[in-house]
Amino acid sequence: SNIYQGSSIFVPILDSNYNIYITSEYQYDVGGYALVIIPYSSWENGGERKTIAIGKSKPTTAPVIINDNLVCMGTEEGLKIIDISSQTVINSISDIVTTVRPIVDSQGTIYCLLENSLVALNTNTRIWQTSINGSAGNYIALDEEEGYIYSVNKQGCLFYSGTFYSIINTTFLIDKNV
């Protein structure tokens, strides 16, 4: 049995204080889904977990830590931004529906893959969007040191985009056969 109402299909996330973040797979007592936070002290010594209701929209990704107070996660109704301290969903971005786990840079910019594009946004606003030839695949990676975002399209070709701190200015396709 799953005593923490956590998901078995998404990877748990560990923050810098060793707290574990899990998206619920099953509806809990109020008939919705939740972000479950298991504090380090709880899993080391026993104790209570935090269960933050995210509504009736089924999670589609593992949670992603934006900063010490904010977490985002994909759901069937869009990207949810959750304030951990107030234990509430502070924004639900309905046009960002993804099954690929978003990534976040050190500035707090969130990057998501949609059907045919890569999107950058903050907790309130879309910053930019760029197309990916051949549809977005299931993977996204960030090289903050070099300023690149990598993705593999559905045909297995690697894409990378440069200078992601401003508007994307280059998108390159690297053929998998080269």
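The model shown is predicted, which means the values in this text are computed figures rather than measured ones.

Engineer: Can you lay out the overall build of the chain for me, pointing to particular residues and giving the numbers?
Structural biologist: Of the regular secondary structure elements, the chain holds one helix and 16 strands. Counting every position in the chain, which comprises 178 residues, the buried fraction comes to 47%. Within the chain, contacts between residues separated by at least 24 positions form 31% of all contacts whose residues are at least 6 apart in sequence. On the chain, roughly 9,300 Å² of surface is accessible, and the fraction owed to carbon and sulfur atoms is 48%.

Engineer: Please give an account of the side chain of D83 that cites residues and values.
Structural biologist: Considering the arrangement of structural elements, one finds D83 in strand β7 (residues 78–83). Here S85 takes part through its side chain, which lies 2.6 Å from a polar atom of the side chain of D83.

Engineer: So, the sheet that holds strand β3 (residues 33–38): which residues are in play, and what are the values?
Structural biologist: Across a sheet, paired strands are connected by hydrogen bonds in the backbone, their directions being either parallel or antiparallel. Across the sheet, four strands lie side by side as β1-β2-β3-β4; this open sheet has antiparallel pairing. In the strand order of this sheet, the two ends are held by β1 (13–14) and β4 (50–55), each with one partner. Both β3 and β4 contribute to a ladder of five bridges, which runs antiparallel. Its bridge partner lying in β4, A34 is registered against A53.

Engineer: Please give an account of unusual backbone geometry that cites residues and values.
Structural biologist: Not every positive phi belongs to a glycine, and Y18 is a case in point at roughly 70°. One can find Y18 in the loop between β1 and β2 (20–23). Owing to a relative accessible area of 47%, Y18 belongs among the partly exposed residues under this scheme. The phi angle at Q87 is positive, at roughly 55°, despite the residue not being glycine. Take Q87: it is sitting in the loop between β7 and β8 (88–93).

Engineer: Outline the pairing of strand β6 (residues 70–75), supporting the account with residue identities and numerical values.
Structural biologist: The buried fraction of β6 amounts to six of the six residues, a majority that puts the element mostly inside the structure. With burial as the criterion, each face of β6 is covered, one bearing L70, C72 and G74 and the other bearing V71, M73 and T75. Pairing geometry for strand β5 (residues 64–65) and β6, over two bridges, is antiparallel. Each bridged residue has a counterpart across the sheet, and for I65 the counterpart in β6 is V71. Counting the residues between successive antiparallel strands, the hairpin from β6 to β7 contains two residues.

Engineer: So what about the packing of aromatic side chains? Which residues, and what values?
Structural biologist: Scanning the model with the defined rule gives three aromatic pairs in all. Here the aromatic rings of Y111 and W128 are separated by 6.0 Å at their centres, their planes lie at 45°, and the arrangement is tilted. Taken as a pair, Y111 in strand β10 (residues 110–113) and W128 in strand β12 (residues 126–131) lie far apart in primary sequence, 17 residues in all. Residue Y111 shares its accessibility class with W128, and that shared class is buried.

Engineer: Before we move on, can you summarise the pattern of salt bridges with the specific residues and values?
Structural biologist: Overall, the coordinates contain one salt bridge when judged by the stated rule. The residue R126 makes a salt bridge to D95 at a minimum N-O spacing of 2.4 Å. Of this pair, R126 sits in strand β12 while D95 is found in the loop between β8 and β9 (103–104), placing the two residues 31 residues apart along the sequence. You can call D95 partly exposed: its relative accessible area is 47%.

Engineer: Which residues make up the side chain of T98, and what values go with them?
Structural biologist: Considering the arrangement of structural elements, one finds T98 in the loop between β8 and β9. The class for T98 is buried, based on a relative accessible area of 2%. Among the polar contacts listed, one links the side chain of T98 to the backbone oxygen of L113, at a separation of 2.8 Å. Excluding residues that lie within four positions of it along the chain, T98 makes contacts with T60, T61, G74 and L113.

Thresholds applied
Residues numbered from 1 in each chain as written. Predicted model: local features only at pLDDT ≥ 70, side-chain atom pairs only at ≥ 80, totals over all residues. Heavy atoms only, no water. Helix = DSSP H or I, 4+ residues; strand = E, 2+ residues; numbered from the N terminus. Buried < 20%, exposed > 50% of the residue type's maximum accessible area, 1.4 Å probe, protein only. Contact = heavy atoms within 4.5 Å. Areas by Shrake-Rupley, 256 points an atom, 1.4 Å probe, with all protein chains shown as cover. Polar contact = N/O pair within 3.5 Å; in protein donor to acceptor, adjacent residues only side chain to side chain. Pairing = 2+ DSSP bridges. Phe/Tyr/Trp six-rings, centres within 6.5 Å; stacked < 30°, edge-to-face > 60°. Salt bridge = Lys/Arg side-chain N within 4 Å of Asp/Glu carboxyl O.

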